[in-house]
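# Structural characterization, general
What follows is the residue order along each chain.
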Amino acid sequence: MHRSASRLTRILACAAVPVMLVVAGCSSDSDGKKESGADKPAAASSQDSADAPKPQNIEPAKFAKLPDACDAITAKTIETLVPETKTKNGTAGKTSDTTTRGSCSWNGLEDKGVKGSQYRWLDVSFLRYESESSLGVSGQKRAEDNYAKEVAKAQAAQGAKNLRTSPAAGVGEDAKAIGYELKKTDEDFTYATIVTRTDNVVITLNYNGTGYAGAKPPAASDLMKGAITAAKQAVASVTAANK
């Protein structure tokens with residue numbers, strides 16, 4: 001009875017004050033234990049800020065630019081490696097961001113009359129990696145990781161026979177020479193691939209060819225020698241583009 005009387009007294013007291021005061025005071029919980037809605041987001045926001053990863057002090061990527069892929073190999077080398085080139089200036093690959101990737105290719109068929117014909121294909125591609133402070137990863141480390149992936153990709157060529165992999169000395173900071181034979185269009189093609197890395201840039205160069213109309217396919221050693229020459233020029237072009 002005493003408890004009911006106290007409750008009635010409180011209700012009457014609230015009814016006697018202005019409406020605004022009733023909303024502000026009498027509608028609140030009597031024990032004062034409930035938190036206001038505005039307090040909760042603030043607490044959550046503070047926790048989120050504490051848990052968010054802090055940017056790390058990562059060294060900027062060494063190379064900020066890529067060369068024009070079609071200018072990365074000298075005209076003289078193209079003429080030597082790809083006789084009777086269809087497009088001497090090369091055919092640029094399509095890309096939406098020339099600061100991070102670029103490629104170019106050349107091909108030609110040299111007709112040697114009764115000795116048959118020789119076909120050659122050459123292409124080069126560049127991939128540049130930025131440092132990621134939020135992830136704590138440098139551009140060089142990202143390039144190292146992707147260099148390994150590009151080597152594995154070259155070694156996994158479908159239908160490849162007599163796969164050979166060896167270091168390519170004097171080409172960039174890391175380099176692998178990958179050679180193999182592959183039969184396509186009823187002809188035996190010989191392939192030479194160089195995958196190399198110079199700091200935060202990965203370069204892949206492919207050189208292949210075959211003989212038509214009775215001509216013998218090119219020697220693997222000759223193709224690899226030409227591929228290494230072109231790859232060295234591609235590496236040098238990255239340094240030149242960033243001077």
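Definitions and limits used
Residues numbered from 1 in each chain as written. Predicted model: local features only at pLDDT ≥ 70, side-chain atom pairs only at ≥ 80, totals over all residues. Heavy atoms only, no water. Helix = DSSP H or I, 4+ residues; strand = E, 2+ residues; numbered from the N terminus. Buried < 20%, exposed > 50% of the residue type's maximum accessible area, 1.4 Å probe, protein only. Areas by Shrake-Rupley, 256 points an atom, 1.4 Å probe, with all protein chains shown as cover. Disulfide = S-S within 2.5 Å. Pairing = 2+ DSSP bridges. Contact = heavy atoms within 4.5 Å. Axes fitted to C-alpha atoms, helices over the stretch in contact; angles between N-to-C directions. Phe/Tyr/Trp six-rings, centres within 6.5 Å; stacked < 30°, edge-to-face > 60°. Expected span 1.5 Å × (residues − 1). Salt bridge = Lys/Arg side-chain N within 4 Å of Asp/Glu carboxyl O.

Per the secondary structure count, the protein includes six helices and seven strands. Taking all 243 residues of the protein together, the buried fraction comes to 34%. A total accessible area of about 15100 Å² is found for the protein, and carbon and sulfur atoms account for 53% of it.

What follows deals with the state of the cysteines. As used in these notes, a disulfide is a covalent bond between sulfur atoms, one from each of two cysteines. According to the stated counting rule, one finds one disulfide in the structure shown. The residue that forms a disulfide with Cys70 is Cys104, at a sulfur-sulfur distance of 2.0 Å. Classification of the bridge connecting Cys70 and Cys104 rests on its S-S torsion, roughly 95 degrees, and on that basis the disulfide is right-handed. Residue Cys70 is found in the loop between helix H3 (39-51) and helix H4 (75-81), and its partner Cys104 is found in strand S2 (residues 101-111); the two are separated by 34 residues along the sequence. The exposure class assigned to Cys70 is buried, which follows from its relative accessible area of 13%.

Our next topic: the sheet that holds strand S1 (residues 91-92). Strand order in the open sheet made by the seven strands is S1-S2-S3-S7-S6-S5-S4, with antiparallel pairing throughout. Whereas interior strands pair on both sides, the edge strands pair on one side only; in this sheet they are S1 and strand S4 (161-167). Bridge count between S4 and strand S5 (residues 174-184): five bridges; the pairing is antiparallel. Across the sheet, the residue bridging to Lys161 is Glu181, located in S5. With respect to the sheet, helix H6 (residues 220-241) is in contact with strand S3 (117-128), S4, S5, strand S6 (187-198) and strand S7 (201-212), its orientation differing from that of S6 by roughly 30 degrees.

To continue, consider the packing of aromatic side chains. Evaluated as defined, the whole model comprises four aromatic pairs. A centroid spacing of 6.5 Å and a plane angle of 65 degrees characterise the contact between Tyr119 and Tyr212, whose relative ring orientation is edge-to-face. Highlighted residues: Tyr119 in strand S3 and Tyr212 in strand S7, separated in sequence by 93 residues. Residue Tyr212 is classed as partly exposed on the basis of its relative accessible area, which comes to 25%.

Next up on the list: the pairing of S3. Most of S3 is tucked away: ten of the twelve residues are buried. As paired elements, S2 and S3 share eleven bridges and run antiparallel to each other. Each bridged residue has a counterpart across the sheet, and for Cys104 the counterpart in S3 is Val124. Where S2 folds back on S3, the antiparallel hairpin that results is connected by five residues, among which Gly113 adopts a positive phi of roughly 65 degrees. In this structure, S3 lies alongside S7, joined through twelve bridges in antiparallel fashion.

Between its first and last C-alpha, H6 extends 32 Å over 22 residues, near the 32 Å set by a 1.5 Å rise per residue. Listed in full, the buried residues belonging to H6 are Leu223, Met224, Gly226, Ala227, Ala230, Ala231, Ala234, Val235, Ser237 and Val238. On its buried face, H6 is in contact with H4, S3, S5, S6 and S7.

What follows concerns the side chain of Thr204. Mapped onto the secondary structure, Thr204 falls in strand S7. The buried category is assigned to Thr204, whose relative accessible area is 11%. What Thr204 contacts, discounting residues up to four positions off in sequence, is Asp123, Val124, Ser125, Glu150, Thr193, Ile194 and Val195.

The tally for this structure, following the rule as stated, stands at nine salt bridges. Note that Lys141 is salt-bridged to Asp145, the shortest N-O span being 2.8 Å. Taken together, the residues span about one helical turn, with Lys141 and Asp145 both in helix H5 (residues 139-155) at a distance of four residues. On the basis of relative accessibility, which here comes to 36%, the residue Asp145 falls in the partly exposed class. Notably, a salt bridge pairs Glu173 with Arg197, separated by 3.5 Å at the nearest N-O pair.

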